Amino acid sequence: PYEVLVVGGGPAGASAAIYAARKGIRTGVVAERFGGQVMDTVGIENFISVPYTEGPKLVANLEQHVKDYDVDIVTEQMAASLKQGEYIEIGLESGATLKTRSVILATGARWKEMQVPGELEYRGKGVAYCPHCDGPLFKGKKVAVIGGGNSGIEAAIDLAGIVESVTVLEFGDTLKADQVLQTKARSLKNVEIITNAMTTEVRGDGQKAVGLTYTDRTSGESKQLDAAGIFVQIGLVPNTEWLKNSDVELSRFGEIEIDNRGATNLPGVFAAGDATTVPYKQIIIAMGAGSTAALSAFDHLIRTPSP
Ligand code: FAD
């Protein structure tokens, strides 16, 4: 059995694995794909102390750093269940079971996609999911935000200070965001809000996005909007479906509930990164959370007798 088993190989998982291995304890990582969301990222400008890097390059560095330590890395394996007995048992989709004295859940999250033509083609070329990450790339340009919930309206307010103008497209007939956010957004001269708008296509010139097409759901008319950036803010979904039949406590959004030490409700079960209730989902935050969870797991191990 492992002493620490990390589930997930994104920034949170990599950081947890390094911190655990540095304690000289038997550490493993099981992940579907090393690197997580960072693998899908082009430019990264907010990984502090590295002014500019790119997703695949950061992932290669992360993987190399983990491999500098004695860590068992198992990729292309999906965790499917968590059970607590004498050891914690992580069941894999392949049918195998990994036993461990403590586990760090770092399975991350995924942005909900609009699933319209052009979205994937222009992802990273105008279609963006993270205003904190990509907002500055659209300085002085026109952008659209898809989604009028809290994250969409927060994104609009955030972007309004950087870009020329922001148009928010909301599918429903009213915004879902908190009233204070709506009031703030409506007070900004360069923010326009369109409700009853169903985005149907991202338009591009072959190199980058140039705008989108939407249907006005009241008139049925198809309309075009020019935008260099299209921020899709229709939800971030934690990869925690596999925990629904376990005793790990999840929030109503499916995020793993953790305390400020990265502990879940179950002894020996810790969690970190975008899969958890941590506020703000960013690489540097996930790495910090991964190290917190690993140090907490170590604390747990030295206080708990080995079975
Ligand atoms: P993830 O990176 O999501 O990693 C999750 C890991 O778990 C992966 O290894 C995955 O394969 C694995 N996994 C999932 N389910 C299972 C399972 N059941 N069993 C086994 N393994 C599983 N942040 C920034 O700070 N700066 C940026 O510029 C930036 N740009 C971004 C651009 C894009 C397009 C996206 C999508 C995100 C961006 N982010 C950025 C956010 C950042 O990528 C995330 O906050 C960060 O990757 C979260 O790390 P994580 O380790 O918690 O999860």
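Criteria and cut-off values
- Sequence order as written defines residue numbering, which begins from 1 separately in each chain.
- The predicted origin of the model limits local features to residues at a pLDDT of at least 70 and limits the giving and counting of side-chain atom pairs to 80 or more, whereas totals for whole chains, interfaces and linings rest on all residues.
- By convention in this description, side-chain values take in all heavy atoms of the structure and omit both hydrogens and water.
- A pair of cysteine sulfur atoms is labelled a disulfide when the two atoms are within 2.5 Å.
- Residue burial is assigned from relative accessible area. The probe radius is 1.4 Å, only protein chains are included, and a residue is buried under 20% of its type maximum, exposed over 50%, and partly exposed in between.
- Note on definitions. A residue lies near a molecule or strand when any single heavy atom of the residue is within 4 Å of it.
- What qualifies as a polar contact is a pair of N or O atoms within 3.5 Å, subject to a donor-acceptor requirement within protein and to the restriction that residues adjacent in sequence count only when both atoms come from side chains.
- Put simply, DSSP marks the helices as runs of H or I at least four residues long and the strands as runs of E at least two long, and each gets a number from the N terminus on.
- Gly is placed with the polar residues, together with every amino acid not listed as nonpolar (Ala, Val, Leu, Ile, Met, Phe, Trp, Tyr, Cys and Pro) or charged (Asp, Glu, Lys and Arg).
- What counts as a ring pair is set by centres within 6.5 Å for rings of Phe, Tyr and Trp (its six-membered ring), and what kind of pair is set by the plane angle: stacked under 30 degrees, edge-to-face over 60, tilted for all other angles.
- Put simply, a nonpolar core is a bunch of buried Ala, Val, Leu, Ile, Met, Phe, Trp, Tyr and Cys residues held in one set by side-chain atoms that sit within 4.5 Å of each other.
- Any two residues whose heavy atoms approach within 4.5 Å at even a single point are treated as in contact.

### Points about the state of the cysteines
Among covalent bonds in proteins, the disulfide is the one between the sulfur atoms of two cysteines.
Link 1 in the chain: Under the defined criterion, the tally for this structure stands at one disulfide.
Link 2 in the chain: Between the sulfur of C130 and that of C133 lies a disulfide, 2.1 Å long from S to S. Taking the sign of the torsion about the S-S bond as the criterion, the disulfide between C130 and C133, at about 65°, is right-handed.
Link 3 in the chain: On the accessibility criterion, C130 (11% relative accessible area) is buried.

### Section: the site of the ligand
Link 1 in the chain: In the region of the ligand, 34 residues are neighbours, and R33, Q37, N46, A79 and I283 sit closest.
Link 2 in the chain: With respect to the ligand, the backbone of P11 contributes an N or O atom lying 3.2 Å from an oxygen atom.
Link 3 in the chain: Here a nitrogen atom of the ligand sits 2.8 Å away from a polar atom, N or O, in the side chain of N46.
Link 4 in the chain: Secondary structure elements with two or more residues in the shell around the ligand: helix 1 (11–21), strand 3 (43–44), strand 9 (109–111) and helix 6 (283–303).
Link 5 in the chain: Across the shell around the ligand, the residue classes break down as 15 nonpolar, 14 polar and five charged.

### Looking at the packing of aromatic side chains
Ring pairs (aromatic) are described by centroid distance and by the angle formed between their planes.
Link 1 in the chain: What the rule picks out here adds up to two aromatic pairs.
Link 2 in the chain: Measuring from centroid to centroid gives 6.5 Å for W111 and Y129, while their planes differ by 35°, and the two rings are tilted. Taken together, the positions of W111 in strand 9 and Y129 in the loop between strand 10 (127–128) and helix 3 (131–134) put the pair 18 residues apart, joining distant regions of the chain.
Link 3 in the chain: Taking the relative accessible area as the measure of exposure, Y129 reaches 7% and is therefore buried.

### Some words on the nonpolar core
Link 1 in the chain: Counting 33 residues, the largest nonpolar core has V4, V6, V66, I104 and I283 as the members making the most contacts within it.
Link 2 in the chain: Secondary-structure elements contributing two or more residues to this core are strand 1 (2–7), helix 1, helix 2 (55–67) and helix 6.
Link 3 in the chain: At eight residues, the largest contribution of residues to this core is made by helix 6.
Link 4 in the chain: V6 has contacts with G13, A16, A17, G28, V29, V30 and I104, leaving out every residue within four places of it along the chain.
Link 5 in the chain: Counting residues in each nonpolar core, the second largest holds 20 residues, with L82, L92, L105 and A275 among its members.

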